[in-house]
Amino acid sequence: MSLEDLGNVGEFVAAVGVIVSLIYLAVQIKQNTAAVATATYESTMTGFNDINVVVAGNPALSSLLDRGCRNLDSLNTEETVQFNFLLRCYANQWWKLFKLYERGNLPQREWSIFAREAAQFLDQPGCKPFCAQNALFADLYIELDKHKGEVISDFGFGNDQLS
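Predicted model, so just to flag it, every value in this text is computed and none were measured. (Residues numbered from 1 in each chain as written. Predicted model: local features only at pLDDT ≥ 70, side-chain atom pairs only at ≥ 80, totals over all residues. Heavy atoms only, no water.)

(A) Focus on the nonpolar core. In this structure, Phe83, Trp94, Trp111 and Phe121 are the most contacted members of the largest nonpolar core, which totals 33 residues. At the level of elements, α1 (3-56), α2 (59-70), α3 (77-102), α4 (108-122), α5 (128-133) and α6 (138-145) are the ones that each hand at least two residues to this core. With residues up to four places along the chain from it excluded, the contact list for Trp111 reads Trp94, Leu97, Phe98, Tyr101, Leu106, Leu140, Glu143, Leu144 and His147. (Core = buried A, V, L, I, M, F, W, Y, C linked by side-chain atoms within 4.5 Å. Buried < 20%, exposed > 50% of the residue type's maximum accessible area, 1.4 Å probe, protein only. Helix = DSSP H or I, 4+ residues; strand = E, 2+ residues; numbered from the N terminus. Contact = heavy atoms within 4.5 Å.)

See the structure below:
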């Protein structure tokens, strides 16, 4: 075998090595992407669950959220502050999902489910002032307007959500 033949074999082995490395890298990227998506989804669900556990575990807070969503004027000053902070917690979660969707990290089908629920929630009479007074979420509100109208969840506000 000549020196040129050995060089050709070496080039072939190197090319195979590059191809194997690229395949390995592609598999690793795919696995990493799936892991990041799972962590993102888990983080989002944890955020919503953390808020919901606090509200569900405190009858006074549950009542405040119910009354505030139905009629903001039914709350006193302190309750209004609490209500606004609760809405901000929910809005922060929806904002995070919206940004993930905008960046292509949340599929349209999944975003649509969250967006319909957010639109339904924020369409409650007592939530409308929050939206009007919190321009930080203006882009989110514009997006949610596209998803209004369909009842997707029974939040239990006055037990009239699904009627």
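(B) Region of interest: the environment of Glu143. The residue Glu143 is located in helix α6 in this model. Distance in space between the C-alpha atoms of Glu143 and Ile113 is 13 Å, their sequence separation being 30 residues. Non-local contacts of Glu143, meaning those with residues more than four positions away in its chain, are made with Phe98, Tyr101 and Trp111.

(C) Just the pattern of salt bridges, in detail. Considering all chains together, one arrives at 7 salt bridges under this definition. Notably, a salt bridge pairs Asp123 with Lys148, separated by 3.7 Å at the nearest N-O pair. In this pair, Asp123 sits in the loop between α4 and α5 while Lys148 sits in the segment after α6, placing the two residues 25 residues apart along the sequence. Where salt bridges share partners, they join Asp123, Lys128, Asp145 and Lys148 into one cluster. (Salt bridge = Lys/Arg side-chain N within 4 Å of Asp/Glu carboxyl O.)

(D) Expanded view of the environment of Val36. Within the secondary structure, Val36 sits in helix α1. As a C-alpha pair, Val36 and Asn105 span 69 residues in sequence and 9.4 Å in three-dimensional space.

(E) Expanded view of the layout of surface pockets. Space inside the largest pocket adds up to approximately 260 Å³. Lining the largest pocket are 13 residues; nearest its centre among them are Asn52, Tyr90, Glu117, Phe121 and Phe155. Listed by contribution, the elements that provide at least two residues to the lining of the largest pocket are α1, α2, α3 and α4. The biggest single contributor to the lining of the largest pocket is α1, with 4 residues. In the lining of the largest pocket, the residues fall into 10 nonpolar, 2 polar and 1 charged. (1 Å grid on protein atoms, 1.4 Å probe; cavity = no way out; pocket = protein on both sides within 12 Å on 5 of 7 lines; lining within 4 Å. Points joined across faces, edges and corners; volume = space filled by probe spheres on them. Nonpolar A, V, L, I, M, F, W, Y, C, P; charged D, E, K, R; others polar.)

(F) Looking closely at α3. Its 26 residues place the ends of α3 36 Å apart at the C-alpha level, agreeing with the 38 Å of an ideal helix rising 1.5 Å per residue. Taken residue by residue, α3 has Glu79, Phe83, Leu86, Leu87, Tyr90, Ala91, Gln93, Trp94, Leu97, Phe98, Lys99 and Leu100 as its buried positions. Contacts made by the buried residues of α3 are with α1, α2, α4, α5 and α6. Its side-chain oxygen at 3.0 Å from the backbone nitrogen of Glu78, Asn76 defines the N-terminal cap of α3. Of the residues flanking the end of α3, it is Gly104, one or two places downstream, whose phi is positive at about 85 degrees. (Expected span 1.5 Å × (residues − 1). Polar contact = N/O pair within 3.5 Å; in protein donor to acceptor, adjacent residues only side chain to side chain.)

Taken by themselves, the reported measurements are silent on function.
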